[in-house]
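Tertiary structure, described
Each chain, written out:
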Amino acid sequence: MNQVKQGLLRVMDVEVISAVWRDGHISLRDKNEKVIQQTGTILLATGFKSSMLGKDWLTPVIQSHGLRCAECGYPIVSQSLQ
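So, here's what we can say about the structure. (Residues numbered from 1 in each chain as written. Predicted model: local features only at pLDDT ≥ 70, side-chain atom pairs only at ≥ 80, totals over all residues. Heavy atoms only, no water.)

1. Details of the overall build of the protein chain
Selection rule: A run of H or I in DSSP counts as a helix once it spans at least four residues, and a run of E counts as a strand once it spans at least two, with each numbered from the N terminus. Summary of the burial criterion: residues with accessible area below 20% of their type's maximum are buried, those above 50% are exposed, and those between are partly exposed, where the area comes from a 1.4 Å probe applied to protein chains only. The method behind every accessible area is Shrake-Rupley, applied with a 1.4 Å probe, and residues are considered shielded solely by the protein chains displayed. Asp and Glu count as negative and Lys and Arg as positive, but His and the ends of the chain are not part of the count. A charged residue contributes its charge at one atom only: NZ of Lys, CZ of Arg, CG of Asp or CD of Glu.
Per the secondary structure count, the protein chain includes two helices and three strands. From first element to last, N terminus to C terminus, the protein chain shows the α and β order α-β-β-β-α. If you line up the protein chain on its principal axes, its C-alpha atoms span 55 × 30 × 20 Å. The 82 residues of the protein chain split such that 12% are buried. Of the roughly 7,500 Å² of accessible surface on the protein chain, a fraction of 53% belongs to carbon and sulfur atoms. Of the charged side chains in the protein chain, 9 are positive and 7 negative, and the gap between their average positions amounts to 4 Å.

2. Some points on a nonpolar patch on the surface
Formally: Patch members must show over 30% relative accessible area and no salt bridge, and they are joined within 9 Å when carrying like charges or within 5 Å when they are nonpolar side chains of Val, Leu, Ile, Met, Phe, Trp or Tyr. Salt bridge, as used here: a side-chain nitrogen of Lys or Arg that lies within 4 Å of a carboxyl oxygen of Asp or Glu.
Residues Val4, Leu8, Leu9, Val11 and Leu43 make up a contiguous nonpolar surface patch of about 510 Å² in total accessible area. Summarising the element assignment, Leu43 is placed in the loop between β3 (35-39) and α2 (55-65).

3. What to know about the environment of Gly54
Position of Gly54 among the secondary structure elements: in the loop between β3 and α2. Residues Gly54 and Tyr74, 20 residues apart in the sequence, show an inter-C-alpha distance of 9.9 Å.

4. Topic: the pairing of β3
Rules: For two strands to be treated as a pair, DSSP must find at least two bridges joining them.
Direction of pairing for strand β2 (residues 25-29) relative to β3: antiparallel, over a ladder of four bridges. Paired with Ser27 across the bridge in β3 is Gln38. Two successive antiparallel strands, β2 and β3, enclose a turn made up of five residues, where Glu33 displays a positive phi of approximately 65°.

Have a look at this one:
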């Protein structure tokens, strides 16, 4: 997060509907076609709702294997996604 403090990185939590590449820049637009951000580089991350889907089968697996879980209830995976 040091890059955020230095102004080199901007973290945004927005819904992008479209992206347009023009003249070496990417324009991200919302549902009203308003430009949210114009930049040359974008890093995207997706997520999921914190409600636990598959709870009926997943809860017994978590308990039987003693898995550590995040606040949302899902098991925490390793760096190798195990």
